[in-house]
Amino acid sequence: MHPAPSVIFFSVFSGLGFGLLVWLGLGIPAVTGWSAFAFFAIAYLLAVGGLISSTFHLGHPERALKAFTQWRSSWLSREAWCAVAALVLTGFYGLGLVFLDTRWTILGLLGALFSIGTVFTTSMIYGQLKTVPRWNMPLTPANFLSLSLAGGALLAGQVSEAMVLILIAGIIQAVTWLLGDKRLAASGTDMASATRLGDIGTVRAFEPPHTGTNYLLREFVHVIGRKHSAKLRLISIGLMAVLPVVLLLLPFHHIIAVVAVLAHVAGVLIARWLFFAEAEHVVGLYYGKR
């Protein structure tokens, strides 16, 4: 799949923002006043900024509001409703903390629940796609949720929890890559199964459908070399999981904490770029790209 920057930015930073809102909704850290304002401001900038960036990939961004109408069948629509519910609930919860020094626990818990729901529905936009076998497995939502909660813990300053969750997220990411590499072959999808001509012999394309590129090739066929993929995976895991944990084990210092956050975010950005770049849409089979 074509790794569009707007979608990468959206999925990474909205995940971090909603992950932080989960912790804040649970009352962690227990802040009020201007300290609470700072935490909620960071969470909203990440969550809302990520959601807005997702519209840049739309051919008609002005039609984004129509996403709210298909909640019965569309994970994108469910994501939109969960995001609005999470932002409204945590918004009122945050107002109580900042201006009234009051903790409305039920609003915080509901906001945390809908924040988790938002990340889950985002992951299912991709996880439901049978046409992309690498994504179509339970590890896809596990990957999104683990990174969101780990990043949220890191931003919330929960060092012990962050170290454990970052390691878990790193393991899930590595397993997702290893199992994902086998998904296309294991799906049994090929030109013979699509044309149902496999019973009479080997099926192959006589010639390419056309001589130039087209929308399908631009959006759904992106080939990355195995060597580059392996190198980027190592860099991603190193930045996402290894370096932040090593830094968090050192005596606490604000500069160290900032570097740990930046390293983790950089690693997640690389992993999410690979999430799209390595995704083999089955349409690529018919162009000889797989």
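Located above this text is the structure these notes cover.
Before going into details, it helps to say that this report is about the structure given with it.

### Focus on the packing of aromatic side chains
Per the counting criterion, the structure on display carries 13 aromatic pairs. Ring centres 5.3 Å apart and planes at 75° place the aromatic pair tryptophan 34 and phenylalanine 37 in the edge-to-face group. Placement of the pair is tryptophan 34 and phenylalanine 37 together in helix α2 (residues 33-54), with a separation of three residues, close to one helical turn. A residue is classified by how much of its surface remains accessible, and tryptophan 34, at 64% relative accessible area, is exposed. Taken together, a centroid distance of 5.2 Å and an interplanar angle of 75° make the contact between tyrosine 126 and tryptophan 135 edge-to-face. Taken together, the ring pairs in this structure connect Tyr126, Trp135, Phe144, Phe275 and Phe276 into an aromatic cluster. The lysine or arginine in question, arginine 78, covers the ring of tryptophan 75, its NZ or CZ lying 4.6 Å from the ring centre. Stacked on the ring of phenylalanine 144, the Lys or Arg arginine 272 has its end atom at 4.1 Å from the ring centre.

### Overview of the packing of helix α4 (residues 105-127) against helix α5 (residues 139-155)
Contact geometry for α4 and α5: axes closest at 8 Å, N-to-C directions at 145°. Of the two possible hands of crossing, α4 and α5 adopt the one that is right-handed. For the pair α4 and α5, contact is made by Ile116, Val119, Phe120, Thr122, Ser123, Met124, Tyr126 and Gly127 and by Thr140, Pro141, Phe144, Leu145 and Ser148, respectively. Tallied by class, the residues present in the contact of α4 with α5 amount to eight nonpolar, five polar and no charged.

### Some remarks on unusual backbone geometry
That bond from isoleucine 28 to proline 29 is cis: its omega, -5°, falls within 30 degrees of zero. Assignment of secondary structure puts proline 29 in the loop between α1 (5-25) and α2. If you check the backbone angles, aspartate 101 has positive phi at about 55° while not being a glycine. By secondary structure assignment, the location of aspartate 101 is in the loop between α3 (75-99) and α4. The exposed category is assigned to aspartate 101, whose relative accessible area is 56%.

### Brief notes about the nonpolar core
Judged by nonpolar contacts, the single largest core of 54 residues is most densely connected at Phe18, Tyr126 and Ile166. Counting only elements with at least two residues in this core, the list comes to α1, α2, α3, α4, α5, α6 (159-180), α10 (226-249) and α11 (254-277). Among the elements that make up this core, the one with the highest residue count is α1 (eleven residues). Discounting residues that sit within four places of it in the chain, tyrosine 126 has contacts with Val7, Phe10, Trp135, Phe144, Phe275 and Phe276.

### Some points on α6
Taking 1.5 Å per residue, 22 residues should reach 32 Å; α6 reaches 31 Å between its end C-alpha atoms and fits that length. Residues of α6 that are buried sit in contact with α5, α7 (183-187), α10 and α11.

### What to know about the side chain of serine 53
Among the secondary structure elements, serine 53 is positioned in helix α2. Look at serine 53 and you get buried, because its relative accessible area is 5%. A distance of 3.4 Å separates the side chain of serine 53 from the backbone nitrogen of phenylalanine 10, its partner in a polar contact. A distance of 2.7 Å separates the side chain of serine 53 from the backbone oxygen of glycine 50, its partner in a polar contact. Ignoring anything within four residues of it in the chain, the contact list for serine 53 reads Ser6, Phe9 and Phe10.

### Things to note about α2
The terminal C-alpha atoms of α2, which comprises 22 residues, lie 32 Å apart, in line with the 32 Å expected from a rise of 1.5 Å per residue. Within the sequence span of α2, burial applies to Gly33, Ala36, Phe40, Ala43, Leu46, Ala47, Gly50 and Ser53. Summarising the contacts, the buried residues of α2 are in contact with α1, α3 and α5.

### Some words on the environment of arginine 204
Following the sequence through the fold, arginine 204 ends up in the loop between α8 (191-195) and α9 (215-220). The class for arginine 204 is exposed, based on a relative accessible area of 65%. Arginine 204 sits 155 residues away from glycine 49 along the chain, and the two C-alpha atoms are 46 Å apart.

### So, the pattern of salt bridges
Per the stated rule, a full pass over the model turns up four salt bridges. For the salt bridge of arginine 134 with glutamate 280, the shortest nitrogen-to-oxygen distance reads 2.9 Å. Of this pair, arginine 134 sits in the loop between α4 and α5 while glutamate 280 sits in the segment after α11, placing them 146 residues apart in sequence. What makes arginine 134 buried here is its relative accessible area of 8%. Across the pair arginine 233 and glutamate 278 runs a salt bridge, and its minimum N-O distance is 3.0 Å.

Parameters and conventions
Residues numbered from 1 in each chain as written. Predicted model: local features only at pLDDT ≥ 70, side-chain atom pairs only at ≥ 80, totals over all residues. Heavy atoms only, no water. Phe/Tyr/Trp six-rings, centres within 6.5 Å; stacked < 30°, edge-to-face > 60°. Helix = DSSP H or I, 4+ residues; strand = E, 2+ residues; numbered from the N terminus. Buried < 20%, exposed > 50% of the residue type's maximum accessible area, 1.4 Å probe, protein only. Lys NZ or Arg CZ within 6 Å of the ring centre and 35° of its normal. Axes fitted to C-alpha atoms, helices over the stretch in contact; angles between N-to-C directions. Left-handed = near helix turned anticlockwise from the far one by under 90°. Contact = heavy atoms within 4.5 Å. Nonpolar A, V, L, I, M, F, W, Y, C, P; charged D, E, K, R; others polar. Core = buried A, V, L, I, M, F, W, Y, C linked by side-chain atoms within 4.5 Å. Expected span 1.5 Å × (residues − 1). Polar contact = N/O pair within 3.5 Å; in protein donor to acceptor, adjacent residues only side chain to side chain. Salt bridge = Lys/Arg side-chain N within 4 Å of Asp/Glu carboxyl O.

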